[in-house]
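# A structural walkthrough
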Amino acid sequence: MLCNVCKFLIFFNCFIFFSNKISAQNKPDKSTREKPLIHYTETGLFNNDSILHIKLTGRLNELFTDRKDNMVYHPLLLQYQEKDSSYISISVKAKARGNFRRLKENCKWPPIMLNFSQKEKSKNSVFANQHKLKLVVPCQGDEYVIKEWLVYKLYNLITEKSFRGRLVQVEFEDSLQQRKTETYYCILLEDEKQMAERNKAELIDKKMIRMEQTNIPAFTKMAVFQYMIGNTDWSVPYLQNIKLLSLKPNEFPYAVPYDFDHAGIVNAPYAGAAPELEISSILERVYRGYCNNDQLSFPEAFDFFNKHKDEFYNVYKNCPLLTVKYVKFVTKFLDEFYKTINSTKAAAAEFKKPCTTNIRIELKGLKD
């Protein structure tokens, strides 16, 4: 009888495709960085890829230094300009949030939570019906924020069961002038409850659900995606950078990933991997799925990624905010992924590791 790995190798012979390289984008000048990206016909905060320029004013020094566990909200004034050139002003509250990025020894600025009042929710603005929004603030340079935002765009191409993000350019002005006014690219991230509502689903806030107890085809795509971008900072059992969506009470939930700043494709200077994984660099991929001997799930997932290959590459090729050096880096990084999934031997070696090694796949990640 053939061993499982041998069966896996034979089956994959039908799924060989070859990678096509893309040309790199010329490095944009400063004026090009201000141009919007792709426009959608829909309206709404997360249905438009144009860069939203906003201004946050308040005691920002107090906000950014309030990073302890008992963080409190600080009042801010949010302002932005409508298409008709009129200015909209909204009173919000904000506090630091997060785990790794909240710590001063890791990041210069913490990510923050924006809390819109009940009164402001009904206003006729781009923030209408918003309650709480995560604002991803640069940790060590806003170029890495742009790169992380593009990872959200990648996963949006895979499934609607994903978080939407809006790239914004934020002018931070301290009302007490205790810190200089600075402008950075940030990400506004869709609220988890709205993401669930958009998918006609409910959130499951229950730990220690096994990976095998999620929707398997969707999980396989998600786990292969995490491998593609070189991200190991996630866990289904510990809900580490994962949300679970339940569409029907008696069906397995869907695992929805978020927080991609430790992914190799972002290549942030502060990023790392859990020491238990025993990898020397975040550029070294590790498949963190469970031991799966199903001979159909991987080929189906690989076929999906091959069919959408050009779309993935074009996310980077068509973004005017990236340097030519980074586009070349991403092209090479993705080429390596496609070389692996289109090689029967390499694919078997990588995606069967949870069955053949003692690698710990249910880590808490970098949360603690």
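Residues numbered from 1 in each chain as written. Predicted model: local features only at pLDDT ≥ 70, side-chain atom pairs only at ≥ 80, totals over all residues. Heavy atoms only, no water.

### Topic: the state of the cysteines
- Tallying each qualifying case throughout the model produces two disulfides.
- Bridging Cys 107 to Cys 139, the disulfide has an S-S length of 1.9 Å. On the S-S bond that ties Cys 107 to Cys 139, the torsion sits near -90 degrees, and the link is left-handed. Of the two residues, Cys 107 is situated in the loop between β3 (87–96) and β4 (112–116) and Cys 139 in the loop between β5 (132–136) and α4 (143–158); the sequence distance between them amounts to 32 residues. You'll find Cys 107 and Cys 139 in the same group, each marked buried. (Disulfide = S-S within 2.5 Å. Helix = DSSP H or I, 4+ residues; strand = E, 2+ residues; numbered from the N terminus. Buried < 20%, exposed > 50% of the residue type's maximum accessible area, 1.4 Å probe, protein only.)

### Observations concerning unusual backbone geometry
- Residues other than glycine seldom take positive phi values, yet Asn 241 does so here, at roughly 55 degrees.
- Within the secondary structure layout, Asn 241 lies in the loop between α6 (216–229) and β9 (242–246).
- With a phi angle near 55 degrees, Asn 267 is a residue other than glycine that sits in the positive phi range.
- Residue placement: Asn 267 occurs in the loop between β10 (254–257) and α7 (297–307).

### Some details on the nonpolar core
- Of all hydrophobic cores here, the largest spans 74 residues; its most connected members are Phe 225, Ile 265, Phe 305 and Tyr 316.
- Here this core takes 10 residues from α4, the largest share from any one element.
- Ignoring any residue separated from it by four or fewer positions in sequence, one finds Tyr 316 in contact with Leu 150, Val 151, Leu 154, Ile 265, Leu 322, Tyr 326, Val 327 and Val 330.
- Judged by nonpolar contacts, the second largest core, of 28 residues, contains Tyr 80, Leu 133, Leu 135 and Leu 188. (Core = buried A, V, L, I, M, F, W, Y, C linked by side-chain atoms within 4.5 Å. Contact = heavy atoms within 4.5 Å.)

### Regarding the pairing of strand β6 (residues 165–174)
- Burial of β6 is extensive: eight of the 10 residues sit out of reach of the surface.
- Looking at chain direction, strand β1 (residues 52–58) and β6 are connected through seven bridges and run parallel. Within β6, the residue paired with Leu 52 across the bridge is Val 168.
- In this structure, β6 lies alongside strand β7 (residues 182–189), joined through eight bridges in antiparallel fashion. Counted as the bridge partner of Phe 172 is Glu 182 from β7. (Pairing = 2+ DSSP bridges.)

### A closer look at α6
- Here α6 is 14 residues long and its end C-alpha atoms lie 20 Å apart, about the 20 Å a rise of 1.5 Å per residue gives.
- Judged by how many residues are buried, α6 sits mostly within the fold: 10 of 14 residues are covered.
- The complete set of buried residues in α6 reads Phe 219, Thr 220, Met 222, Ala 223, Val 224, Phe 225, Gln 226, Tyr 227, Met 228 and Ile 229.
- In the stretch just after α6, Gly 230 is the one whose phi turns positive, near 70 degrees. (Expected span 1.5 Å × (residues − 1).)

All quantities given are derived from atomic positions and should not be read as evidence of function.
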